[in-house]
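One letter stands for each residue in the lines below.
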Amino acid sequence: MSTPTEGLSEPITPPNIKDLLDDVTNNITTVVEDRLSKFKRDLSEENSEALETAAKRARADKHDFKKPGNRQQFEHEQKVMECLHTAMDATTKNAVEKAKDALEKDVFQIQNWKAELSNPALDDFCDTLPDVMLASRAGNTLSKYTGSWLRWKRWCQSNLSAGAACPAKPLHIAIYLRSLLDNANTVAPMDSALYSIRWAHSMAGIESPTCHPMVRATMEGCRRILAKPRKAKEPVYPEILATLVSQKNLSSLSDLRLLCLCLISYAGFMRIGELLSVKISDISFSDSHMEIKLHKRKNDKFREGSSIIIARSPKNTCPVRVTEMFISKLGVNVNSESFLIRRLVHTKQGLKPHNHLGISYSTARDLMMKGIKPLVNDISQFGTHSFRAGGATAAANSNVNERCIARHGGWKSTSSKDRYICDSLQSKLEVSKSLGV
């Protein structure tokens, strides 16, 4: 991985002060967007070390500038990058510590554990046991649970007593959920509160009162009161993709990037986050297909990894063919550790791919929606999941085995898979045709 400072080694020569200020604003915005998007990712230790190495290399590189303003711009962007990098590291490393501090008195009663064991040789294990228990959840999950738990503790201190948070009484939890209902637009605050209380009690090794009938009835009531009709996004159909491909210039780097985003998302049933994390070295080609290795998926909590196989076809919409053309246009080695969906940089020679940096989710979404907007009636009915839904719908209507569809899209439950599938009219008619009337 690299840092946003790479690619700035070329002199920037704005024609006037206004253009210089615009360039500074745009570049800083790009840096901030890239850094903030990485807050949503669970960086492994290996990736963190690679990022730090790249940052040091970028700071050590010598850059020549034609004007003093260009140097000031570069140095300022370096400082912004370093501050954001420090904040990101602190967020990742402190998630466990914050959770440990939040649970220390009510849940992790370490001194009581030591007194119960009465063996000084086991004291060190008592001190480190909370770290191992907290490792059962991802960093982002810990941060969310910790915040909700602290809000519950503060409510108990203000309205009940300091020790009422754990172990909690079902009536207290039901009243707390009722208090959250008044200011809630969705059920999310109640869900977060319920799950954090359940999590803390499980950490304490005691039965959770969130399973009590009173609490469950209160939660179900909140869900019904705040329920809103769920409108799923429309699926993208093959005809839309065929038209999109026919309108694009296959020698254009930006057009090929857009087609890769759309076609791979469709054919691989891929979430955009999964596709944006794919590196060129994760892709292998053969005469009949290409295989994409995913190191993690949304439901792959143990990071076991998986792979998606996409068949080669003779059509212009073949994702394998378009991907090969895009990689060839990038001019990189097939074993490159850089991202497949790459940021494109404007240079004097035209658009060039950035050496390492990918693009954010918001950028990918804007590109995809802008690409299909002229081809659909109402673009507000479409989103990034429309491509994933379109591929699953086409497979289901072609009578592909449901187990294969679920495995291809990474769905572990039938209900999750079925939300993405829109049955064709012919499939719906088959039900009444089979009734013999």
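Up top you'll find the structure we're talking about.
Here is a short report on the structure shown in this document. (Residues numbered from 1 in each chain as written. Predicted model: local features only at pLDDT ≥ 70, side-chain atom pairs only at ≥ 80, totals over all residues. Heavy atoms only, no water.)

Let us look at the nonpolar core. Ranked by size, the top nonpolar core spans 44 residues in total, and within it I264, I292 and F387 carry the most contacts. Contributing elements (two or more residues each) for this core: α10 (238–247), α11 (253–267), α12 (272–276), β2 (289–294), β3 (306–311), α13 (319–330) and α14 (361–372). At 10 residues, the largest contribution of residues to this core is made by α11. For F387, the contacting residues outside a window of four places in its chain are V236, L241, C262, S265, Y266, M368, M369 and I372. In terms of nonpolar packing, the next biggest core, distinct from the first, is built from 35 residues, A102, C156, W199 and L226 among them. (Core = buried A, V, L, I, M, F, W, Y, C linked by side-chain atoms within 4.5 Å. Buried < 20%, exposed > 50% of the residue type's maximum accessible area, 1.4 Å probe, protein only. Helix = DSSP H or I, 4+ residues; strand = E, 2+ residues; numbered from the N terminus. Contact = heavy atoms within 4.5 Å.)

Take the packing of aromatic side chains next. Summed over all chains, the structure comprises 7 aromatic pairs. The structure contains a cluster of three or more aromatic residues connected by ring pairs, namely W152, W155 and Y176. The lysine or arginine in question, R388, covers the ring of Y420, its NZ or CZ lying 4.9 Å from the ring centre. (Phe/Tyr/Trp six-rings, centres within 6.5 Å; stacked < 30°, edge-to-face > 60°. Lys NZ or Arg CZ within 6 Å of the ring centre and 35° of its normal.)

Applying the stated criterion across every chain, the model contains 0 disulfides. Considering cysteine sulfurs only, C166 is the nearest to C156, which forms no disulfide, with 10.0 Å between them. A relative accessible area of 0% places C156 in the buried class. (Disulfide = S-S within 2.5 Å.)

Next up on the list: the pairing of strand β4 (residues 342–347). In the sheet, β4 pairs with strand β5 (residues 350–358) via 5 bridges, with the strands oriented antiparallel. When the sheet's bridge partners are listed, R342 is paired in β5 with G358. Connecting the antiparallel pair β4 and β5 is a turn made up of 2 residues. (Pairing = 2+ DSSP bridges.)

Pairing is antiparallel in the open sheet, where 3 strands are placed in the order β1-β2-β3. Of all strands in the sheet, those with a lone pairing partner are β1 (283–285) and β3, marking the two edges. Averaged over all neighbouring strand pairs, the angle between strand axes comes to 20°, with direction disregarded. (Axes fitted to C-alpha atoms, helices over the stretch in contact; angles between N-to-C directions.)

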